[in-house]
Amino acid sequence: MNTPPLSLMRIRLRAFPLVLFLAVALVGCGGSDSSPDDAATSSSTSATQSESAGEVDRTVTLHPKGNQMKYRETEFTVAPGETIRLVFENTATSPSMQHNVVVLVSTEEGIFQEVGEAGTRAGSTNDYIPQKENLRDQILAYTPMSKPGETVEVTFTVPEETGDYGYVCTFPGHWATMQGTMYVREEGAA
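Participant: Which parts of the structure should I look at to understand the overall build of the protein?
Facilitator: What the protein contains, in helices and strands, is 4 helices and 9 strands. Mapped from its N terminus to its C terminus, the protein presents α and β elements in the order α-α-β-β-β-β-β-α-α-β-β-β-β. Expressed as a percentage of the 190 residues in the protein, the buried residues total 39%. If you take every contact in the protein between residues at least 6 apart in sequence, the share linking residues at least 24 apart comes to 74%.

This is the structure in structure tokens:
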């Protein structure tokens, strides 16, 4: 059996705390409170805030922009009263790039911030969705949180009122840059 030189053993012993710290930090950045079984389930289930028993008029699919805290698709157009299936395919590869899509009643930056910060306070057990009633009134629909490689979805009915409705990711810190707009127009999407 070959024994490593004493100097190499000392280097390994000194490096061990750093390696341990980095491993814990990486897990902490991308971890969640769900078990591996929960992760497998969330990729195939959907959260529905309104009628999903009827026909879906349109499917809209969103993605992250690589491993950035941005949506690749920052806008889409739908018609008033349509039932849409909103799909989020998390194509990111970094464990810390967990995302969701929260559709809001407004495009006001203050609402994005308020919902984003409240989502952080709500925590992973609530999928980072605000729990206070006054903020829940600001949310039209939301997907579950998705880890890289997972696909999540929600089916909901678009408001009858035309206008601009924002969407945001409420994973901690993402709300500031991960935003988009759902345009509700009489002519709908092409």
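Participant: Sorry, what's going on with helix α3 (residues 109-122) here?
Facilitator: Residues three or four positions apart in an α-helix share a direction because the helix packs 3.6 residues into each turn. In this model, α3 (14 residues) spans 20 Å end to end at C-alpha, consistent with the 20 Å of a helix rising 1.5 Å per residue. Ile111, Phe112, Val115, Gly116, Ala118, Gly119 and Ala122 are the residues of α3 that are buried. Residues of α3 that are buried make contact with β5 (102-104), α4 (133-136), β6 (139-142), β8 (163-168) and β9 (179-184). Following α3 by one or two positions, glycine 123 adopts a phi angle in the positive range, close to 80°.

Participant: Help me out: how do you make sense of the nonpolar core in this one?
Facilitator: Here is a general trend for soluble globular proteins: nonpolar side chains tend to be buried in one another's company. Grouped together as the largest cluster of nonpolar side chains are 24 residues, with contacts concentrated most on Leu62, Phe76, Val78, Leu86, Val101, Phe156 and Met182. In this structure, Phe112, Val115, Leu135 and Trp175 belong to the second largest nonpolar core, which totals 12 residues.

Participant: Is there a simple way to think about the sheet that holds β6 in this case?
Facilitator: Strands pair in a sheet through their backbones, by hydrogen bonds, and they do so in one of two ways: parallel or antiparallel. Spatially, the 5 strands line up as an open sheet ordered β3-β9-β8-β5-β6, and their pairing is mixed. In this open sheet, the two strands that pair with only one neighbour each are β3 (75-78) and β6. Taking each pair of neighbouring strands and ignoring which way they run, the sheet shows an average axis angle of 25°. Across 6 bridges, the pairing between β8 and β9 is antiparallel. Its bridge partner lying in β9, tyrosine 165 is registered against methionine 182. Set on the sheet, α3 makes contact with β5, β6, β8 and β9; between it and β5 the angle comes to about 140°.

Participant: What exactly am I supposed to notice about the pattern of salt bridges here?
Facilitator: It is possible for side chains bearing opposite charge to pair when their charged atoms get close. This structure, assessed with the given rule, holds 4 salt bridges. The closest approach of N and O atoms between arginine 58 and glutamate 82, which form a salt bridge, is 2.7 Å. A residue pair is termed long-range when its members are at least 10 positions apart, and arginine 58 in strand β2 (residues 58-62) and glutamate 82 in the loop between β3 and β4 (83-89) qualify at 24 residues. Its salt-bridge partner being aspartate 164, residue arginine 185 comes within 2.8 Å of it at the nearest N-O pair. With arginine 185 in the segment after β9 and aspartate 164 in strand β8, the pair connects residues that are 21 residues apart, well separated along the chain.

Participant: Explain the side chain of serine 106 to me, please; I cannot follow it from the model alone.
Facilitator: Checked against the element boundaries, serine 106 lands in the loop between β5 and α3. By relative accessible area, serine 106 is classed as buried at 12%. Among the polar contacts made by the side chain of serine 106, one reaches the main-chain amide nitrogen of glutamate 108 at a distance of 2.9 Å. Excluding residues within four positions of it along the chain, serine 106 makes contact with Ile111, Phe112, Asp164, Tyr165 and Gly166.

Participant: Help me out: how do you make sense of the pairing of strand β7 (residues 151-157) in this one?
Facilitator: Side-chain positions along a regular strand alternate between the two faces of the sheet. When you tally the buried positions in β7, you get 5 out of 7 residues, the bulk of the element. Judged from the 7 bridges that link them, β4 and β7 form a sheet pairing that is antiparallel. Bridge pairing in β7 places isoleucine 84 opposite phenylalanine 156.

Calculation criteria
Residues numbered from 1 in each chain as written. Predicted model: local features only at pLDDT ≥ 70, side-chain atom pairs only at ≥ 80, totals over all residues. Heavy atoms only, no water. Helix = DSSP H or I, 4+ residues; strand = E, 2+ residues; numbered from the N terminus. Buried < 20%, exposed > 50% of the residue type's maximum accessible area, 1.4 Å probe, protein only. Contact = heavy atoms within 4.5 Å. Expected span 1.5 Å × (residues − 1). Core = buried A, V, L, I, M, F, W, Y, C linked by side-chain atoms within 4.5 Å. Pairing = 2+ DSSP bridges. Axes fitted to C-alpha atoms, helices over the stretch in contact; angles between N-to-C directions. Salt bridge = Lys/Arg side-chain N within 4 Å of Asp/Glu carboxyl O. Polar contact = N/O pair within 3.5 Å; in protein donor to acceptor, adjacent residues only side chain to side chain.

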